[in-house]
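What follows is each chain in one-letter form.
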Amino acid sequence: MTIAEILTKVILPLSLAIIMLGMGMTLILNDFTRIIKHPKAILIGLTNQLIFLPIIGFTLAVAFGLSPIMAVGLMILATCPGGPTSNLIVQICKGNIALSVTLTAIASIISVLTIPFILSYALDYFGSGAKVTIKLPILDTIIQIMGITVIPISLGMLIRRCNINFARRMESPMRIASTVIFILVFVAVVAANFNILGQAMKEVGLVTLLLNILTLGLGYLTATFFKLNLKQITSITVESGIQNGALAFVIATSILNNIEMGIPTAAYVIWMYITGGILMWQLRKRAKVEAL
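The rules behind the values
- Residues numbered from 1 in each chain as written.
- Predicted model: local features only at pLDDT ≥ 70, side-chain atom pairs only at ≥ 80, totals over all residues.
- Heavy atoms only, no water.
- 1 Å grid on protein atoms, 1.4 Å probe; cavity = no way out; pocket = protein on both sides within 12 Å on 5 of 7 lines; lining within 4 Å.
- Points joined across faces, edges and corners; volume = space filled by probe spheres on them.
- Nonpolar A, V, L, I, M, F, W, Y, C, P; charged D, E, K, R; others polar.
- Patch = residues over 30% accessible without salt bridge, like charges linked within 9 Å, V, L, I, M, F, W, Y side chains within 5 Å.
- Areas by Shrake-Rupley, 256 points an atom, 1.4 Å probe, with all protein chains shown as cover.
- Salt bridge = Lys/Arg side-chain N within 4 Å of Asp/Glu carboxyl O.
- Helix = DSSP H or I, 4+ residues; strand = E, 2+ residues; numbered from the N terminus.
- Core = buried A, V, L, I, M, F, W, Y, C linked by side-chain atoms within 4.5 Å.
- Buried < 20%, exposed > 50% of the residue type's maximum accessible area, 1.4 Å probe, protein only.
- Expected span 1.5 Å × (residues − 1).
- Polar contact = N/O pair within 3.5 Å; in protein donor to acceptor, adjacent residues only side chain to side chain.
- Axes fitted to C-alpha atoms, helices over the stretch in contact; angles between N-to-C directions.
- Parallel < 35°, antiparallel > 145°, perpendicular 65-115°, else oblique.
- Left-handed = near helix turned anticlockwise from the far one by under 90°.
- Contact = heavy atoms within 4.5 Å.

Attention now moves to the layout of surface pockets. Of the volumes computed, that of the second largest pocket is approximately 340 Å³. Every residue lining the second largest pocket is counted, 14 residues in all, and those nearest its centre are T26, L27, G95, I97 and K231. For the lining of the second largest pocket, the class distribution of residues is three nonpolar, four polar and seven charged.

Shown next, in the form of structure tokens:
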């Protein structure tokens, strides 16, 4: 295992789990029951992720006349749900963490059914020549959700319940740690994909940037249109435009056995962290202004 792989597969997931523990210490059970009782935000977020995002990806692939391999690679991205990174960005942006975590969990579970259906159609439509049956690693997906997100957040909530003063003291240090982790994730992603970044940006740099911007914009516009509050808008914006790059790589390289199909993911992940950084800067600043 290379240093880059150790960073991305061991150290960073562990670091993200620690950050999720910190997130949990800012949450109480009512944060989740509140959004379940008023599910409009959840329905908007899931509709963006599971329906509109694949439509945007398909439209871009056709409009840019991508090669079959690159088109399917783009569709892999467009079918993937959000991941722990989206929860991390929402936390730094001071968005609705409970909503972000809920969207990530639900979309990840539903995508086990939607990804095979959509990608089977994409493989047939674009004629990539890949005659495979797509079966997602359901157990691995559930373990990832539980291990990096659900369990640490639940432990954090338990700590808050048992010692609320400690939890409040940890809010500022954990927010700083979250920013540092985000930077480390970006550096690790660049290191892990450095050998194909040039090719990725040349072939699909523009189209992946458009996919990222359009999906972020979709999240912001739909959440604003339905008059959600700033914290909810932040969460839906991030969840709509920040995809689970690790899952996309697994689908491309392990399930479809095509490394080239992972090229759009390499390009997209770079844009994702750049736009994520901009969002953290702008939305966090806006949150501070509205809090005054």
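Now for a nonpolar patch on the surface. A contiguous nonpolar patch, built from I51, F52 and I55 and spanning about 270 Å² of accessible area, is present on the exposed surface. Position of I51 among the secondary structure elements: in helix α3 (residues 40-63).

Judged by nonpolar contacts, the single largest core of 77 residues is most densely connected at L66, I76, I236, I251 and M261. The dominant element in this core, judged by the number of residues it contributes, is helix α6 (residues 97-126), at 12 residues.

Okay, helix α10 (residues 230-241) next. Here α10 contains 12 residues, and its C-alpha end-to-end distance of 17 Å stays within 8% of the 16 Å for a straight helix at 1.5 Å per residue. Burial within α10 is extensive, with 11 of its 12 residues counted as buried. Its side-chain oxygen placed 3.2 Å from the backbone nitrogen of K231, N229 serves as the N-cap of α10.

Here we come to the environment of I242. The topology assignment puts I242 in the loop between α10 and α11 (245-255). Once the C-alpha coordinates of I242 and I89 are considered, the two residues, 153 residues apart in sequence, prove to be 9.0 Å apart.

Attention now goes to the packing of α3 against helix α4 (residues 68-79). Taken N-terminus to C-terminus, the directions of α3 and α4 make an angle of 160 degrees; their axes are 8 Å apart at the nearest point. The orientation of α3 with respect to α4, classified from their angle, is roughly antiparallel. The two elements α3 and α4 meet at a crossing, and its hand is right-handed. On the side of α3, the interface is formed by Q49, L53, P54, G57, F58, L60 and A61, while α4 contributes A71, L74, M75, L77 and A78. In terms of residue class, the contact of α3 with α4 is built from 10 nonpolar, two polar and no charged.

Before going further, it helps to examine the packing of α6 against α10. Interhelical geometry of α6 versus α10 gives an angle of 30 degrees and a closest axis separation of 8 Å. Taken together, the axis directions place α6 and α10 in an arrangement best described as roughly parallel. When the axes of α6 and α10 are compared, the crossing they make is right-handed. Between α6 and α10, the contacting residues are I97, L99, S100, L103 and T104 on the first element and Q232, S235, I236 and E239 on the second.

Secondary-structure assignment places S100 in helix α6. Given the relative accessible area of 0%, S100 is considered buried. Once the C-alpha coordinates of S100 and G83 are considered, the two residues, 17 residues apart in sequence, prove to be 9.6 Å apart. Apart from the residues within four sequence positions on either side, S100 is in contact with S86, N87, V90, S235 and E239. A distance of 2.8 Å separates the side chain of S100 from the side chain of N87, its partner in a polar contact.

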